Amino acid sequence: MENASACGIWNKSKECLVPVNKLAMLTMYHRETIPETYLDAMGHMNVRWYMALFDTSVWNFFTAHGLDENYYAQKQMGVFALKHFIQYFAEVKVGEVVAMRIRMLGRTEKRFHFMNFMINETTGKLSAILEVLGTHADLKLRKAVAMPQDIAQKFDTKIKTDQQLDWDPPVSGAIDI
C-alpha cells in the first residue's frame, strides 16, 4: 500500500475513525488484480465486479468456517443472504490489487451479521464496504434453521476475535440482527 496510515473510514466531521492499516488486520479472504474486462465506460471497475469480488470472498469465508460444498451436499444445509448494504468510497482501476477482509459482528441461532471491506492495496484506500445479514437454512425445506453447534462455535470464535479490535465497525444502521 502506498500510504499505510491513510484513513479508511471518516465520520461526518471529517475525523478519521479507522485507518486503513487497522482494516488490514482483519483476515483476508480474497485478493485479486483487476483485469481490463472489469472496467466500464467510465474507465473504472463496474459495480457488478464489486459484488463478484465480495461474493468470492464471502464463499471463502464460509469455507473457512465449515460451510463448504461437502457441508451443503451432506447436511442439505446452507446459507441465504437476507440483506446487503454497499457503500462505495474510491474508484478501482485496471491493474490495481484489491484485498477483501471480513469482520464478523454478531449472530443469533439462525442469523449472522458481518462486514466485508474491499481495500485497494495499490492506492492504500478503502474502496467499498459490503454489510451483510444472512441466515443458516435447510436446503430441503428452503427455510431458516438454527446453525449446528460446530458452525456456531466457529462463528463465535471469529466474533470474539473481531470484538477485540480497537475500533468500532462502521455499521450502516440499515441492518439489525
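Remember, it's a predicted structure, so these values are computed and weren't measured experimentally.

Participant: An account of the state of the cysteines is needed here, citing residue identities and associated values.
Facilitator: This model, assessed by the stated rule, comprises 1 disulfide. A sulfur-sulfur distance of 2.3 Å marks the disulfide that ties C7 to C16. What sets the handedness of the C7 and C16 disulfide is the S-S torsion sign, and at about 100 degrees it is right-handed. Classification of C7 as buried rests on a relative accessible area of 15%.

Participant: Which residues make up the pairing of strand β6 (residues 111–120), and what are the values?
Facilitator: β6 sits mainly inside the fold: 9 of its 10 residues count as buried. Relative to β6, strand β5 (residues 97–107) runs antiparallel, the two being bridged by 9 bridges. Bridging from a neighbouring strand, R107 pairs with F112 of β6. The loop that links β5 with its antiparallel partner β6 comprises 3 residues. Alignment of β6 against strand β7 (residues 125–138), held across 10 bridges, turns out to be antiparallel. Within β7, the position partnered with F114 by the bridge is V132. Counted along the chain from β6 to the antiparallel partner β7, the turn is 4 residues long, and its residue G124 has a positive phi close to 80 degrees.

Participant: So what's going on with the pattern of salt bridges? Residues and values would help.
Facilitator: Between side chains of opposite charge, a pair can form when the charged atoms approach closely. Within the structure shown, the criterion is met by 5 salt bridges. Residues D166 and K22 are paired through a salt bridge, measuring 2.9 Å at the closest nitrogen-oxygen approach. Linking D166 in the segment after α4 (149–163) with K22 in helix α1 (residues 20–23), this pair joins segments that are 144 residues apart in sequence. Given the relative accessible area of 23%, K22 is considered partly exposed. In this structure, D162 engages K158 in a salt bridge whose closest nitrogen and oxygen atoms are separated by 3.1 Å. Here D162 pairs with K158, and both are found in helix α4, just 4 residues apart, close to one helical turn. Here D162 and K158 have matching classes, each one buried.

Participant: Residues and numbers for the environment of T27, please.
Facilitator: With respect to the secondary-structure elements, T27 resides in the loop between α1 and β3 (28–33). On the basis of relative accessibility, which here comes to 38%, the residue T27 falls in the partly exposed class. Considered as a pair, T27 and I102 are 75 residues apart in the sequence and their alpha carbons are 6.3 Å apart.

Definitions and cut-offs
- Residues numbered from 1 in each chain as written.
- Predicted model: local features only at pLDDT ≥ 70, side-chain atom pairs only at ≥ 80, totals over all residues.
- Heavy atoms only, no water.
- Disulfide = S-S within 2.5 Å.
- Buried < 20%, exposed > 50% of the residue type's maximum accessible area, 1.4 Å probe, protein only.
- Helix = DSSP H or I, 4+ residues; strand = E, 2+ residues; numbered from the N terminus.
- Pairing = 2+ DSSP bridges.
- Salt bridge = Lys/Arg side-chain N within 4 Å of Asp/Glu carboxyl O.

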